[in-house]
Amino acid sequence: MDFVKQGTKIICIGRNYAMHAKELGNEIPTLPFWFMKPTTSYVESGGNIIYPEITKNLHHELELGVVIGRKMSKVAKEDVMDYVAGYSITNDVTCRDLQEQCKAERKPWEISKCLDTFCAVGPFIPANQLAHDNVEMILTVNGVTRQHANTKDMLFDVPTLLEYVNRHVTLLPGDMIQTGTPEGVGPMDRGDTVTMSIPGVSEVSFKIV
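Let me sum up the structure you'll find in this document. Note that the structure is predicted; figures quoted are calculated from it, not measured.

Of the two faces of strand 2 (residues 34-37), only the one carrying F35 and K37 is buried; W34 and M36 on the other face are not. For strand 1 (residues 10-13) and strand 2, the ladder comprises 4 bridges, and the chain directions are antiparallel. Within strand 2, the position partnered with I13 by the bridge is W34.

Below you can see the structure in the form of structure tokens.
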């Protein structure tokens, strides 16, 4: 599925790994919460991640993306996986200084998340090629491992997220749910090469420009 062209929205789950919540000094949520990115944030293999002038602290956030295969609204938890077309390894690029400023001022912080090239994605992985509850993910910067985690450590697993989101928001074919980042988020600089991978399944690299 060409979800980059077909999707209508990117829903991004926050604080879905306990250690990540703790590393940024945030409380661990008792229910899923999310923000959204426009589909203009996508950048695919062969493209670059743009370091915008409005930030001095650009961060990587490794995440598993879940791609919706057909329209879903108020689908029960036991049925939600039937609506999943597949997955992608992703980087939820973040202007950390802007995010912290917006949080301190009690303002929405989409500006730190929704810019062009701020949703870097790997190739589409069909659903039958990946077990969503046991996905090893690795992110490196210039060959040095920064994030290495497994989706089994999520606070809310994929079915729980899909049921909760589609209870409130209709999901359409090609829409993506970014399922949250594990610990180890950190800075990216111009000239860096960032690589996200699911070992043995998918790998993609981006230059920061």
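Ordered by their spatial adjacency, 3 strands build an open sheet running 8-5-14, and the pairing between neighbours is antiparallel. Looking at which strands have only one partner, the edges of the open sheet turn out to be strand 8 (94-95) and strand 14 (186-187). Of the strand pairs in this sheet, strand 5 (residues 58-60) and strand 8 are connected by 2 bridges, and their pairing is antiparallel. Bridge pairing in strand 8 places H59 opposite T94.

Both faces of the sheet carry side chains from a regular strand, because those side chains alternate between them. The element strand 11 (residues 136-141) is extensively covered by neighbouring structure, given that 5 of its 6 residues are classed as buried. Here strand 11 pairs with strand 12 (residues 144-150) via 6 bridges, running antiparallel. The partner of T140 across the bridge, within strand 12, is T145. Linking strand 11 back to strand 12 in an antiparallel pair, the connection comprises 2 residues, with N142 at a positive phi of about 55°. Across 4 bridges, the pairing between strand 11 and strand 15 (residues 193-198) is antiparallel. In the sheet register, T140 faces strand 15, and the bridge partner there is T195.

With that settled, the discussion passes to the nonpolar core. Membership of the largest hydrophobic core comes to 45 residues, with the highest contact counts inside it found for L58, L162, L171, I177 and M196. Put simply, the parts of the chain that give this core at least two residues each are strand 1, strand 6 (62-68), strand 7 (84-92), strand 11, helix 4 (158-168), strand 15 and strand 16 (202-208). Beyond its immediate sequence surroundings of up to four residues, I177 is in contact with I11, I13, L64, G65, V66, L162, V165 and L171. Among the nonpolar cores identified, the runner-up in size contains 12 residues, and V4, I10, C12 and V67 belong to it.

Conventions and cut-offs
- Residues numbered from 1 in each chain as written.
- Predicted model: local features only at pLDDT ≥ 70, side-chain atom pairs only at ≥ 80, totals over all residues.
- Heavy atoms only, no water.
- Buried < 20%, exposed > 50% of the residue type's maximum accessible area, 1.4 Å probe, protein only.
- Helix = DSSP H or I, 4+ residues; strand = E, 2+ residues; numbered from the N terminus.
- Pairing = 2+ DSSP bridges.
- Core = buried A, V, L, I, M, F, W, Y, C linked by side-chain atoms within 4.5 Å.
- Contact = heavy atoms within 4.5 Å.

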